Amino acid sequence: MNTSGVKLTRKIDKLGMRCSDTDHIFFDDVRVPDKNIIGEERMGFIYQMMQFQEECLCLALLTLEPLEMCINETIQYTKNRIAFGQPLLKNQYIHFRLAELETELESLRSLLYRAVDLYAAGHNVTKLASMCKLKSGRLACEVTDSCLQFWGGMGFTNEVLVSQLYRDLRLYSNGGGADEIMLTVISKYMGILPQQSKMNWRKSARLNLNNCISVNIFVCIFLLTIKDYKVCYS
């Protein structure tokens, strides 16, 4: 950040993912020496699109452990929380809902394993990878929201892990390619996506690229902290 022409203005106060900074950065006549160029000049967008499958699979993978933690923490809490003379977990709605969430999570895991197996065998898995990313983003919202509800008022505090997971994992539904982008890709591979002009396609591609660049930063940091998720919050 000490390079001439690079100006860091302010740190943005985010809802979650506070372990990675998001800032306003301006580049004013910045010169990059030839020796520092990665790949070929003007190929950045192409390179970004070439790793689309890997990024979607990586993001889907990164949701598995936190969502499993969210369910397990909620099971332990509802076992110990006594209301009306019995543990909350004995309420049929609660243990049925937790069973549903666990089933959905295992479905995502199976889909992800299938996609990775095919990818390792050299197949194009863009459609399956997009499905994995879509499913993981939606589960990130569904699981954390459902579990938070069972924590009652404590779930609305920063004293418990589930509230942090609720905030942090919300990003997966719109980071690294929003759910709507994933649905567009899946629809294209299904042959049901309406045709659009080349100008509109380029515009939407640029918007998605900006989304992807910002999510790559937090993925790198999140990989370092996933084994002890609690250190992400500061």
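These figures come from a predicted structure and were not determined experimentally.

Caption draft 1: Structural detail: the pattern of salt bridges. For the coordinates displayed, the defined rule picks out seven salt bridges. Here Asp21 and Lys11 are joined by a salt bridge, their closest N and O atoms 3.3 Å apart. Of this pair, Asp21 sits in the loop between strand S1 (6–11) and strand S2 (23–27) while Lys11 sits in strand S1, and the two are 10 residues apart along the sequence. Here Arg97 makes a salt bridge to Glu142, at a shortest N to O gap of 2.9 Å. Of this pair, Arg97 sits in helix H3 (residues 92–120) while Glu142 is found in helix H4 (residues 126–150), placing the two residues 45 residues apart along the sequence. Take Arg97: its relative accessible area is 14%, and that puts it in the buried class.

Caption draft 2: Geometry of the nonpolar core. Formed by 44 residues in total, the largest nonpolar core has its most connected members in Leu57, Ile71, Leu98, Val143, Cys147, Val162 and Tyr172. Where this core is concerned, the elements lending two or more residues are helix H2 (52–80), H3, H4, helix H5 (161–168) and helix H6 (179–190). If you tally residues by element for this core, the top one is H2, at 12 residues. Beyond its immediate sequence surroundings of up to four residues, Leu57 is in contact with Leu112, Ala115, Val116, Tyr119, Val125, Ala129 and Cys132.

Caption draft 3: Spatial organisation of unusual backbone geometry. Residues other than glycine seldom take positive phi values, yet Met17 does so here, at roughly 50°. Relative to the elements of secondary structure, Met17 occurs in the loop between S1 and S2. For Asp29, which is not glycine, the phi torsion reads 55° and is therefore positive.

Cut-offs applied
- Residues numbered from 1 in each chain as written.
- Predicted model: local features only at pLDDT ≥ 70, side-chain atom pairs only at ≥ 80, totals over all residues.
- Heavy atoms only, no water.
- Salt bridge = Lys/Arg side-chain N within 4 Å of Asp/Glu carboxyl O.
- Helix = DSSP H or I, 4+ residues; strand = E, 2+ residues; numbered from the N terminus.
- Buried < 20%, exposed > 50% of the residue type's maximum accessible area, 1.4 Å probe, protein only.
- Core = buried A, V, L, I, M, F, W, Y, C linked by side-chain atoms within 4.5 Å.
- Contact = heavy atoms within 4.5 Å.

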